Amino acid sequence: MAGHSQFKNIMHRKGAQDARRARQFAKVIREITVAARSGLPDPASNPRLRAAISAAREVNMPKDTVERAIKKATGAGGGDDYVEVRYEGYGPAGVAVIVEALTDNRNRTASDVRAAFSKYGGSLGETNSVSFMFTRLGVITYPASVASEDEMLEAAIEAGAENVESTAEGHEVTCPVESFFAVRDALETRFGEPASAKFDWRPGTVVTLDEDKARTVLKLIDVLDESDDVQAVYANFDLPDDVAETLSA
């Protein structure tokens, strides 16, 4: 009986991992579609498409899947027509939340996002109702092994970055949005392809949550993230170490 239970648990976890992987692929394919249509289908001439392909590598998407997505987006049919939408609101405990989406149906996406906020005690606001509490940045990361702290700092400053944080795990380079592609390309020329390169919303202030509030906020974020239309969710909360340990147990 214990063996059967364990098997079922393993199967459930595998199913959850497969579902998560499928959602990741779907989100990346949408970004590839929009990026390919926003410029040339050649990544060398289309910075946004290069970033999308980099994101595909991060989630281990097969190369032929990436190529099919580009061909479908730039082919005669063109596939689905997605638009970029940003939603902002407050979650439980006054946590500010930004939701970025690519959707082919604004009404459906807005309804789904609003329902998620309402279900977990939050409220959807107007555009710019919480984004003023965040800074939009380009974020590029490298493993620690590619360069010393001084080498990365020097290269990043020369490329136009604002800041570098180096730890034993790696280097994180941040830069203004308008400089993102130039900084990424300069660093890639010197150190090779980055581990990740993307835009991020960084909060200026954070809300510290206890265990109960943290559970509710994380449920809201999970529900939002499970939507096929949602590309990314950002929030300005912080978890004390003991709360984080309890939730991850």
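Quick caveat, the model's predicted, so the values are computed rather than measured.

Criteria and thresholds
Residues numbered from 1 in each chain as written. Predicted model: local features only at pLDDT ≥ 70, side-chain atom pairs only at ≥ 80, totals over all residues. Heavy atoms only, no water. Pairing = 2+ DSSP bridges. Helix = DSSP H or I, 4+ residues; strand = E, 2+ residues; numbered from the N terminus. Axes fitted to C-alpha atoms, helices over the stretch in contact; angles between N-to-C directions. UniProt positions renumbered as here; feature names shortened; annotations may be inferred. Salt bridge = Lys/Arg side-chain N within 4 Å of Asp/Glu carboxyl O. Buried < 20%, exposed > 50% of the residue type's maximum accessible area, 1.4 Å probe, protein only. pLDDT = per-residue confidence, 0-100. Contact = heavy atoms within 4.5 Å. 1 Å grid on protein atoms, 1.4 Å probe; cavity = no way out; pocket = protein on both sides within 12 Å on 5 of 7 lines; lining within 4 Å. Points joined across faces, edges and corners; volume = space filled by probe spheres on them. Nonpolar A, V, L, I, M, F, W, Y, C, P; charged D, E, K, R; others polar. Parallel < 35°, antiparallel > 145°, perpendicular 65-115°, else oblique. Left-handed = near helix turned anticlockwise from the far one by under 90°.

Regarding the sheet that holds strand 7 (residues 196-203)
Across the sheet, which stays open at both edges, the 4 strands sit in the order 5-6-4-7 with antiparallel pairing between neighbours. Each having just a single partner strand, strand 5 (163-166) and strand 7 make up the two edges of the open sheet. Each adjacent strand pair in this sheet contributes to an overall mean axis angle of 30°, direction not counted. Where strand 4 (residues 134-143) lies against strand 6 (residues 170-176), 7 bridges are found, and the strand directions are antiparallel.

Here we look at the UniProt feature "domain: TACO1/YebC-like second and third" (unreviewed entry) in the protein chain
UniProt annotation of "domain: TACO1/YebC-like second and third" (unreviewed entry) refers to residues 82-237 when read in the numbering used here. Annotation note: span residues 82-237, helix share 33%, strand share 37%, distance between end C-alpha atoms 30 Å.

Here we look at the pattern of salt bridges
Opposite charge on two side chains permits pairing when their charged atoms draw close. Enumeration over the complete set of coordinates arrives at 16 salt bridges. Linking Asp-64 and Arg-68 is a salt bridge whose minimum nitrogen-to-oxygen distance equals 3.4 Å. Taken together, the residues span about one helical turn, with Asp-64 and Arg-68 both in helix 3 (residues 63-74) at a distance of 4 residues. According to the relative accessible area criterion, Arg-68 is exposed, its value standing at 52%. Taken together, the salt bridges that share partners define one network made up of Arg-30, Asp-104, Arg-108 and Asp-229.

Describing the confidence of the model for the protein chain
Mean pLDDT over the protein chain works out to 89, with 91% of the residues at or above the 70 mark. A low-confidence stretch, residues 1-14 (pLDDT under 50), is modelled with 0 contacts involving residues beyond four sequence positions or located in other chains.

Some thoughts on the layout of surface pockets
What the largest pocket holds in volume is close to 1300 Å³. Around the largest pocket, the lining comprises 35 residues; the ones closest to its centre are Lys-198, Phe-199, Gln-231, Ala-232 and Tyr-234. At the level of elements, helix 1 (2-38), helix 2 (47-58), strand 1 (83-90), strand 2 (96-103), strand 4, helix 6 (180-191), strand 7 and strand 9 (230-235) are the ones that each hand at least two residues to the lining of the largest pocket. A total of 7 residues in the lining of the largest pocket trace back to one element, the largest contributor, which is strand 7. Residues of the lining of the largest pocket, tallied by class, amount to 19 nonpolar, 2 polar and 14 charged.

Topic: unusual backbone geometry
For Ala-93, which is not glycine, the phi torsion reads 65° and is therefore positive. With respect to the element layout, Ala-93 can be found in the loop between strand 1 and strand 2. Among the residues examined, Ala-93 registers a relative accessible area of 38% and is labelled partly exposed. Even without being glycine, Asn-128 reaches a positive phi, approximately 75°.

As for the packing of helix 2 against helix 6
It is at 11 Å that the axes of helix 2 and helix 6 come closest, and there the two elements cross at 60°. As summarised for this structure, helix 2 and helix 6 are arranged oblique, according to the angle between their axes. Remark: the crossing between helix 2 and helix 6 carries left-handed chirality. Each of Pro-47, Arg-48, Arg-50 and Ala-51 in helix 2 lies in contact with helix 6, whose residues at this interface are Phe-181, Arg-184, Asp-185 and Glu-188. Here the residues of the contact of helix 2 with helix 6 are counted per class, giving 3 nonpolar, no polar and 5 charged.

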